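Coordinates in review
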Amino acid sequence: MQKHVLVIEDEPNIIEAISFILSRDGWSVRTHSNGVTAVETVLARKPDVVILDVMLPGKSGYDILRELRDLPETRDLPILMLTARGQTKDRELAERAGVSHFMTKPFSNAEVIEAVRALVAPVSDPP
Amino acid sequence: MARDTLTGSRIRERRIIAGLRQADLARSADISASYLNLIEHNRRRIGGKLLLDIAAILDVEPSLLTEGAGATLIAALREAASDPRGKAAELDRVDEFAGRFPGWAALLAESRRRIATLERTVETLTDRMTHDPHLAASLHEMLSTVTAIRSAASILAEPGEIEPEWQHRFHRNIYEDSARLADTSRSLVNYLEAADDATSAASVPQEEVDAILEAEGHHIAVLETGAASPDEVARRLAAGSSGPARELLARALGRYAEDAALLPLAVLTEAVAQNGPDPAALMRRLGLDAALIMRRLASLPLTVLGDPVGLVICDASGTLIYRKPLADFAMPRFGAGCPIWPLYQALSRPMMLLGRHVTQPGPAQRVFATFAVAQPVGGGGLNREPLFQAHMLIVPQAGAEAVDPLPVGTTCRICSRTACEARREPSILGGT
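To start, this report covers the structure provided alongside it. Keep in mind that this is a model prediction, so the values were computed, not measured.

Here the focus is the overall build of chain A. Secondary structure assignment for chain A yields 5 helices and 5 strands. Helices (α) and strands (β) of chain A occur, in sequence order from the N terminus, as β-α-β-α-β-α-β-α-β-α. A separation of at least 24 residues holds for 59% of the contacts in chain A among residues at least 6 apart in sequence.

Moving on: the sheet that holds strand E2 (residues 320-324) of chain B. Residues and elements named next belong to chain B. Strand order in the open sheet formed by 6 strands is E2-E1-E5-E4-E3-E6, with mixed pairing between adjacent strands. Of all the strands in the sheet, just E2 and strand E6 (406-407) have a single pairing partner and so form its edges. When strand E3 (residues 354-359) meets strand E4 (residues 367-377), the two strands line up antiparallel, connected through 6 bridges. When the bridges of E4 are listed, Val 358 appears paired with Phe 368. Its contacts with the sheet put helix H18 (residues 290-298) on strand E1 (310-314), E2, E4 and strand E5 (387-396), and the angle it makes with E5 is roughly 45°.

In this section: the interface of chain B and chain A. Facing 16 residues of chain B, the contacting portion of chain A comprises 15 residues. For the side of chain B that touches chain A, the secondary structure elements donating two or more residues are helix H9 (133-157) and helix H10 (164-194) of chain B. The leading source of residues in the side of chain B that touches chain A is H9(B), at 12 residues. Here the side of chain B that touches chain A is built from residues that sort into 7 nonpolar, 6 polar and 3 charged.

Further remarks concern the sheet that holds strand E2 (residues 28-32) of chain A. Residue and element names in this part refer to chain A. Taken together, the 5 strands give an open sheet; going across it, the order is E2-E1-E3-E4-E5, and neighbouring strands pair in parallel fashion. Two strands lie at the open edges of the sheet, namely E2 and strand E5 (101-104), each paired on one side alone. Strand-to-strand twist of the sheet, defined as the mean angle between neighbouring strand axes without regard to direction, takes the value 20°. Bridge analysis of strand E1 (residues 4-8) against strand E3 (residues 49-53) gives 4 bridges, and the strand direction is parallel. Within the sheet, the bridge partner assigned to Val 7 lies in E3 and is Ile 51. With respect to the sheet, helix H2 (residues 38-45) is in contact with E1, E2 and E3, its orientation differing from that of E1 by roughly 170°.

Procedures and definitions
Residues numbered from 1 in each chain as written. Chains lettered and ligands numbered in written order. Predicted model: local features only at pLDDT ≥ 70, side-chain atom pairs only at ≥ 80, totals over all residues. Helix = DSSP H or I, 4+ residues; strand = E, 2+ residues; numbered from the N terminus. Contact = placed C-beta atoms within 7 Å. Pairing = 2+ DSSP bridges. Axes fitted to C-alpha atoms, helices over the stretch in contact; angles between N-to-C directions. Nonpolar A, V, L, I, M, F, W, Y, C, P; charged D, E, K, R; others polar.

Dropping the structure here:
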């Protein structure tokens, strides 16, 4: 069954490129650009993976992440966070907020596909 | 107390460091123990062959015994040792080090100063990267644009067919993003250039001004005669300095010119010849305020003054905003000085001229006459509290055995008076 990715990012050309490469990889891709309504959109769309930018209009990606982790429906949702700031403290901030994976811009297309695939891969049972 | 009267004290100090009894040193120098005792208590002058013999026995340079090392250099070395990495430094032998190897000691002190400046540069630049919203937004936009270009370019470069429509879109995106990247880069460069060179962000403007005035001996002849305007002098002296330093210097020179107009050099020279560098006597003689007189005394050339004087000025927060250093009276390079300095007492007794003899720790134990006063600055106004600045003039005293000097320090971190009530942080030195 085709898996769904929701890309929450405000940069249109990044949205277009990510949408293209993920679609070509077999994912159903939807996009959203507004931080304020991001949580509602996640709840409505019920994606399998969220790609979330940190700097969004209206609300930061960290705040959206925290709100999603506080909700039972999205507590365990795989979330890949994209940021232009790669400092240790930013990574720690994202990890404390409950991020599944953290990626620093500029990333390669292959890295995005690999990360998204890894986030929805079934965890292998212990032997 | 003049320096050369303390040779005996230094011999005693070196003898104790060397672990010699008085009798042992006297025997080695072929003099009686009682005579050595008189020398060590500065009751007999010493020089010539005997001084050379004693210096050789104590394995020190004779000049260390006759001159000691400058308190400013000692304080700078102690400051260097206050760094956690300086734990292994033999603090109890700092005077010996400075005396025996003055060149190396000065180099170490200067290196420490340079390192501290560079560390502040790094901190300032880091703060700027972290907190400057324009810089952060520009960098974020650049990285986002680069990400979009990279992503689109790699889609086009990867093997496999791409529909012409998508191909066209990604070509267009790359073109748009590269144009945006060029704009952002140009605007970022303009912003950084407008924010002045790295010096402006990195150095402490006050320190730059201190260095410029120190290089001029705190005396600006063209401002005394009115041959140049403060702005012209500031532009010339501060060429290559940061913008904030130029502004501070222009302000300081503006006040210099005003002071010089109120109390011309010729008038002050004549008054000092009669009264010496005594602000109280000069106030009475000239009918001018004490702070102005102190600033003018600090600006006098040595040809008029004979012996140099020091001056510190602080604002109401206690931060030093002007320093004219003086040999053997150490001043902190950053922040506030010793809370016991009469400078700070003056802040709590505005408009009253305070006079007090002080002495700082150290082998020289020189005594200084200080004069301190706090006076309002600015125009004031209805229901507006006046802002005060305090001045402290520091005048070296010769033959001051009769006074009871107030023991003061430089700054707590390198002050050995552990029992001091005013202490705000532990000292790296042993207590006295």
